[in-house]
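# Coordinate analysis (summary)
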Amino acid sequence: MRKSKRERQRLLQETIRENPFITDEELAEKFSVSVQTIRLDRLELSIPELRERIKNVARQSFADKVRALPLEEVIGDIIDIEPDASAISIFDVKEEHVFRRTRIARGHHLFAQANSLAVAVIHDELALTAKATIRFVRQVKEGERVVAKAKVTGKTAHGRTIVEVNSYVGQELVFSGTFEMYRSNIEKKDGDSNEYRG
């Protein structure tokens, strides 16, 4: 049985409060209405679109966890982070990110998402990429969502933190990278300086 507009909007608010990452398409399916109806309901209720909800959650949840750079400088939207352990971000490929003729994402956007996530996961005031080994596995097209997953995997002999980042569209790997990260707050060994040797 179809719900009244008032009831649907009440349930819509409740659903989004419980899961701010739910898409308009998923909401439309859940409430058996069109995507346009969901968008109109959101407008009436002053509920921001998914991208803005993600940013709001990130600002509230991760502001104290990301120290190496401001959240707005991360390419993509961080949706989960455990400092010095792991992080996840999403990046929606739009028209401005692709080559006009082929509609394929420019590689520097995928690299920037992965690299900024590698910086963000480092729980330090200063984190710089000292070295990166990257691989573009497949082309990413306009309209696709890239989910980057960063994991701190260890340290080098020089005390740099190693961060592995794998990026996916759906379940398919599209980019992988290993980043050696310099950090200002590394433990010094006797006689070692803390200077950057890039």
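Residues numbered from 1 in each chain as written. Predicted model: local features only at pLDDT ≥ 70, side-chain atom pairs only at ≥ 80, totals over all residues. Heavy atoms only, no water.

In the annotation of UniProt, the entry for the chain reads Transcription factor FapR, and the organism field reads Geobacillus kaustophilus. The record in UniProt for the chain states the following under Function: "Transcriptional factor involved in regulation of membrane lipid biosynthesis by repressing genes involved in fatty acid and phospholipid metabolism." In UniProt, the chain has this text filed under Sequence similarities: "Belongs to the FapR family." (UniProt positions renumbered as here; feature names shortened; annotations may be inferred.)

### Let's talk about unusual backbone geometry
Positive phi values are uncommon outside glycine, yet Asp-84 reaches one of about 60°. Assignment of secondary structure puts Asp-84 in the loop between β1 (77-82) and β2 (86-92). Backbone geometry places Arg-103, a non-glycine residue, at a positive phi of 65°. Counting through the fold element by element, Arg-103 comes out in the loop between β2 and α5 (107-121). (Helix = DSSP H or I, 4+ residues; strand = E, 2+ residues; numbered from the N terminus.)

### Looking at the pattern of salt bridges
All told, the structure shown has 15 salt bridges when counted by the stated rule. Of the charged contacts in the structure, one is a salt bridge between Glu-142 and Arg-103, with a shortest N-O distance of 2.7 Å. Pair noted here: Glu-142 is in the loop between β3 (127-136) and β4 (145-155) and Arg-103 is in the loop between β2 and α5, with a separation of 39 residues, a long-range link. With relative accessibility at 27%, the residue Arg-103 sits in the partly exposed group. Taken together, the salt bridges that share partners define one network made up of Asp-24, Glu-25, Arg-39 and Arg-42. (Salt bridge = Lys/Arg side-chain N within 4 Å of Asp/Glu carboxyl O. Buried < 20%, exposed > 50% of the residue type's maximum accessible area, 1.4 Å probe, protein only.)

### Notes on the pairing of β2
By the criterion of burial, β2 is predominantly enclosed, with five of the seven residues buried. Here β1 pairs with β2 via five bridges, running antiparallel. Note on β2: the bridge partner recorded for Glu-82 is Ser-86. Linking β1 back to β2 in an antiparallel pair, the connection comprises three residues, with Asp-84 at a positive phi of about 60°. (Pairing = 2+ DSSP bridges.)

### Observations regarding the environment of Pro-20
Its location among the elements puts Pro-20 in the loop between α1 (5-18) and α2 (24-31). Here the alpha-carbon distance between Pro-20 and Arg-53, two residues 33 residues apart in the chain, equals 6.1 Å.

### Regarding the packing of α1 against α2
As a packed pair, α1 and α2 sit with axes 12 Å apart at the nearest point and diverge in direction by 135°. By the angle class used here, α1 and α2 are oblique. At the point where α1 passes α2, the crossing takes the right-handed sense. Of the residues in α2, those in contact with Arg-8, Leu-11, Leu-12, Thr-15 and Ile-16 of α1 are Leu-27, Lys-30 and Phe-31. (Axes fitted to C-alpha atoms, helices over the stretch in contact; angles between N-to-C directions. Parallel < 35°, antiparallel > 145°, perpendicular 65-115°, else oblique. Left-handed = near helix turned anticlockwise from the far one by under 90°. Contact = heavy atoms within 4.5 Å.)

### Overview of the nonpolar core
Membership of the largest hydrophobic core comes to 28 residues, with the highest contact counts inside it found for Val-93, Val-140, Val-146, Val-163, Val-165 and Met-181. Counting only elements with at least two residues in this core, the list comes to β1, β2, α5, β4, β5 (161-169) and β6 (172-183). Tallying contributions element by element places α5 first for this core, with seven residues. Discounting residues that sit within four places of it in the chain, Val-163 has contacts with Ala-118, Val-121, Ile-122, Ala-150, Lys-151, Val-152, Gly-177, Thr-178, Phe-179 and Met-181. Membership of the second largest hydrophobic core comes to ten residues, among which are Leu-12, Ile-16, Ile-22 and Ile-47. (Core = buried A, V, L, I, M, F, W, Y, C linked by side-chain atoms within 4.5 Å.)

### Structural notes on the sheet that holds β2
In a beta sheet, neighbouring strands pair by backbone hydrogen bonds and run either parallel or antiparallel. With antiparallel pairing, the six strands of this open sheet are ordered in space as β1-β2-β4-β5-β6-β3. On the outer flanks of this sheet lie β1 and β3, each paired with one strand and no other. For this sheet the average axis-to-axis angle between neighbouring strands, irrespective of direction, equals 20°. Sheet analysis places β3 next to β6, joined by nine bridges and oriented antiparallel. Among the inter-strand pairings, Ala-132 is bridged to a residue of β6, identified as Phe-179.

### A short note on the confidence of the model for the chain
Atom-level detail of predicted coordinates should not be read off regions where pLDDT is low. Counting all residues, the mean pLDDT for the chain is 86, and 84% of those residues have values of 70 or more. Ranking the elements of the chain by mean pLDDT puts helix α4 (residues 50-62) last with 66 and β5 first with 97. Contacts for the low-pLDDT stretch residues 187-198, under 50 throughout, to residues beyond four places or in other chains number 13 contacts. (pLDDT = per-residue confidence, 0-100.)

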